[in-house]
Amino acid sequence: MIGYLVRRLAQAVLLLFGAVTIVFLVLRVIPGDPAALILGSQATAQELAAKRDEMGLSDPLLAQYARHLGEIVRLDFGDSWRLGGDAFAAVLDRLPATITLAGFALLFTLALGFPLGVYAARHKGKLADRAVSYFSLTGQALPAFWVGIMLVLIFSRTLNILPATADGSALALVLPAFTLALPFLGWLARLVRNGTLEELGRDYVRTARSKGLSERVVFNIHVLRNTLTPVITVLGLILGNFIADAVIIEQVFAWPGIGSLMIESIQNRDYAVAEAAIILIAVFYIGLNLVVDLLYFALDPRVTLETV
Amino acid sequence: MTRYNRRSFLKISGIGLAGTYLAACSVGGGDETAAQTALRAAFSQPINDLDPHGPSSVDEASLLAGRLIYDTLIRRNGEELEPAVAQSWEQPDDNTWVFTLRGDVKFHDGTPLTAADVKASLERVKAANTAQSALWATVSSVEASDDTTLTITTERPLGTMLVNLSLMFILPAATMNTEGFFAKPVGSGPFKVESFTPADELALTSVEHWSGKPKLKEVSLPYLPETSSQITALRTGDLDILWPVPPDQLRELEGVEGITLETVPSYVYYFNWFNCGKAPFDDPRVRRAMWQAVDVAGIVKNLFGDGAEVMTSPIPSTAFGHAEQQPYAHDPEAAKRALTEAGLGDGFRTSLMWFSDTGPLADGLAQAMISDWAKIGVTVEAQNVEKAEWLRRLNEKEFDMDLQTNTVTTGDADFTLGRLYDSAADRMGYRNPALDDILRQAHEDSDQARRGDLYAQACKIIWEDAVGIFPAALISTYGLRSTVRNFQPAPSNQPDLRGVTVG
């Protein structure tokens, strides 16, 4: 067990190193640099060169990379040129907004996806089942940015019952959280439906039925509990995806989280903030995956290292 | 009586339902009495950084905040430059300026503002290597001989000394370089910082100032990224002032009860540069033909309406140094003839680069010009690029034509003409030693009348040589709740809020 844990942790560190390297390279390869953005369109070539020297941008890429790695090990991403303070602090400032959004999206996913899946399973093959199936496929197929824009058009522009952007009210969460949840909601519904049907065919269900338990008790007490295990384990993955997908959703809804901060930083070549934001998202994603794998052990005693 | 529509009802019940968890995230409205002397004002761009000497030193949003928080030696009041912290000044010779400071200026922490603070601030901005540092390149020394006497010496005469000083914000020398100072900076202006979240909200309260205490108690400057939310917030009264209202949004506010609109020609304008160092735009006949081909007046009227005016000079009419020129009449036939004379009778292919956020309706302006050029046989490839890429190509002169806005930040032609059209700066490949000479003289002369004449000559050369097309100067529209009084719209987009009252 300990050996497994160490191996997984080492993999996580390796993954992070890969992420740091790729992010560093991609940000430096895209054209344009912060010196030009700082000095504006009236800067002379000499001023630009001096600024690049000052910011260490004229050093060889390898030297910049080595310096960057050294800083990251100390969790120091440097200062944001645009926001004037520590880059990591700027990201942490925006984190609560993203967590709130992801949390509400998770709530939507569970509150709608789980009952839909159960309902579909209980009405297998009927119209309701097919409707849920189409709905979940459509939800997964539609691009999130398009769904977001359509929802704004319908509920904000036409009906005027929900705010289109973060205006400080709780209602502003509804559209972005729903847009974020939609593809996973359908995914969860199908997962629950198939899991439930699989469980319904098992021996213990036949036993329970044969000892005279009502269908309701069989379903609610025995079957549902067993379908919960896979659901809980995918929740971690869903949450990780929410934080990563928030990049698009936050842009559509002008939501002040780390996703929109990341886009602004990339557009402004604010390397420090862009790196801090992307690395934080990567840490979340890798960390949640790790937690999910470990949860398998905790939730299902039948899973052992041999079966992994 | 308060009326609730469905949306506000849902909003209220939504807040109730979400309960305590969201209480921390939602925006508080403040209590009733404070509301009478509190102002919520939104500028269209985010305030990213309160360091007035840092990378944002010439951003309109940072300058706007700086004007409220800090003091300057000289202040701009309309067309005039008037004393602020500097009470008086003299010029013993062309390269020396001696300023006498007021003795009664205090920073928000109670320490007095002295000449040593001004010296430290000026040295800091000069060394910062940012867009504002360039204004101070010829300053060779700054001396504070006593608390109220400051001497600035320059290598060459600096005619724009006073106007440059109106941008130079004074920080307390003792604390300005301490870690975290700009999270809640200390200045000596009429308002002090209560809290600041970059690109989100700046909250200020008024203080006793040497010019008197502002009427307002609290000013909050939130940033709302979406134009539609800005308009809605003003309409619902969540905002008291919003500016500049984009030209295509004006009709959303015109005639709305409780809202008044005030306009002022701004320092912001569009130009469409030709790369004059590259064929075919190295031929002024071709450049002039391109200008004649464009129906400038029609485009500005149809696209911007009351949001812009047709330019009559390479700088907006609000800037010092503006001199009216003969407009280029819209004449596609004459343009075609001129192209034939230049050996391009069959037209040619070229490109236009811009980035969408350079100014309001930039995409529409670019498309309108491109379709006018098509009518004289010139095929223009639209290159709508990202801002950072646009800047890179601009700096490397990798363009045929460049459409952008520009801001005469100091309100003086030197800031724009002097820095952009000099051969040594080489921004768009135009080289004219006679123009260089005029611009240098105007830069060094401190006699405003002579400078005005020199810039009039410069305007004429740039206009007649068609270094670029100068289509539109933007008009800033300020949307105000009717409860806001004594508000003066400012061409710089940096209104003075000292005299404003609400209620």
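Under an unreviewed UniProt entry, chain B has the name Peptide ABC transporter substrate-binding protein and belongs to Actinophytocola xinjiangensis. Of the comments in the UniProt record for chain B, the one headed Subcellular location (unreviewed entry) reads "Cell envelope". The record held by UniProt for chain B lists under Sequence similarities (unreviewed entry) the comment "Belongs to the bacterial solute-binding protein 5 family."

Chain A carries the name Peptide ABC transporter permease in an unreviewed UniProt entry, which gives Actinophytocola xinjiangensis as its organism. Recorded under Subcellular location (unreviewed entry), the UniProt text for chain A is reproduced unchanged: "Cell membrane". In its Sequence similarities (unreviewed entry) section, UniProt records this for chain A: "Belongs to the binding-protein-dependent transport system permease family."

1. Considering the packing of helix H9 (residues 296–304) of chain B against helix H11 (residues 362–374) of chain B
Residues and elements named next belong to chain B. Direction vectors running N to C along H9 and H11 enclose 145°, while the axes themselves pass 11 Å from each other. Read as a crossing pair, H9 and H11 show a hand that is right-handed. Taking contact as the criterion, the partners of Ile299, Leu303 and Phe304 in H9 are, on H11, Gly364, Leu365, Ala368, Met369 and Asp372. Taken together, the residues of the contact of H9 with H11 sort by class into six nonpolar, one polar and one charged.

2. What to know about the packing of helix H5 (residues 87–122) of chain A against helix H10 (residues 215–252) of chain A
Two elements in contact, H5(A) and H10(A), have axes separated by 8 Å at closest approach and are oriented at 145°. The crossing of H5(A) and H10(A) is right-handed.

3. Things to note about the interface of chain A and chain B
Taken together, the contact pairs 38 residues of chain A with 43 residues of chain B. Summing the contributions of chain A and of chain B, the shared interface buries around 3,300 Å²; its carbon and sulfur component is 56%. On the chain A side of the interface with chain B, the three residues burying the most area are Ser41(A), Gln42(A) and Ile161(A), jointly 18% of the side's total. Across the chain A-chain B interface, the total number found is one salt bridge.

4. Describing the UniProt feature "transmembrane region" (unreviewed entry) in chain A
Residues and elements named next belong to chain A. Following the UniProt record, one finds the feature "transmembrane region" (unreviewed entry) at residues 12–30, 99–120, 132–156, 168–189, 231–256 and 276–299. Helix makes up 100% of residues 99–120 and strand 0%, with an end-to-end C-alpha separation of 31 Å. End C-alpha to end C-alpha, residues 132–156 measures 26 Å, and it is 92% helix and 0% strand.

5. Observations regarding the domain arrangement of chain B
Residues and elements named next belong to chain B. The domain boundaries assigned to chain B delineate domain 1 (2–189 + 483–502) and domain 2 (266–475). Look at where the C-alpha atoms of domain 1 and domain 2 centre, and you get two points 32 Å apart. Taken together, the 21 residues of domain 1 in the interface contact 17 residues of domain 2. When the buried surface of domain 1 facing domain 2 is broken down by residue, Gly159, Thr160 and Pro491 rank first, second and third, together holding 29% of it. Glu444 serves as the salt-bridge partner of Arg156, at 3.8 Å between the closest nitrogen and oxygen. Looking at the side of domain 1 that touches domain 2, the elements that each hand over two or more residues are helix H3 (60–69) and helix H5 (161–165). In the side of domain 1 that touches domain 2, the residues fall into eleven nonpolar, six polar and four charged.

Conventions used here
- Residues numbered from 1 in each chain as written.
- Chains lettered and ligands numbered in written order.
- Predicted model: local features only at pLDDT ≥ 70, side-chain atom pairs only at ≥ 80, totals over all residues.
- Heavy atoms only, no water.
- UniProt positions renumbered as here; feature names shortened; annotations may be inferred.
- Axes fitted to C-alpha atoms, helices over the stretch in contact; angles between N-to-C directions.
- Helix = DSSP H or I, 4+ residues; strand = E, 2+ residues; numbered from the N terminus.
- Left-handed = near helix turned anticlockwise from the far one by under 90°.
- Contact = heavy atoms within 4.5 Å.
- Nonpolar A, V, L, I, M, F, W, Y, C, P; charged D, E, K, R; others polar.
- Buried area = accessible area lost by both parts, 1.4 Å probe.
- Salt bridge = Lys/Arg side-chain N within 4 Å of Asp/Glu carboxyl O.
- Domains from an automatic or database assignment.

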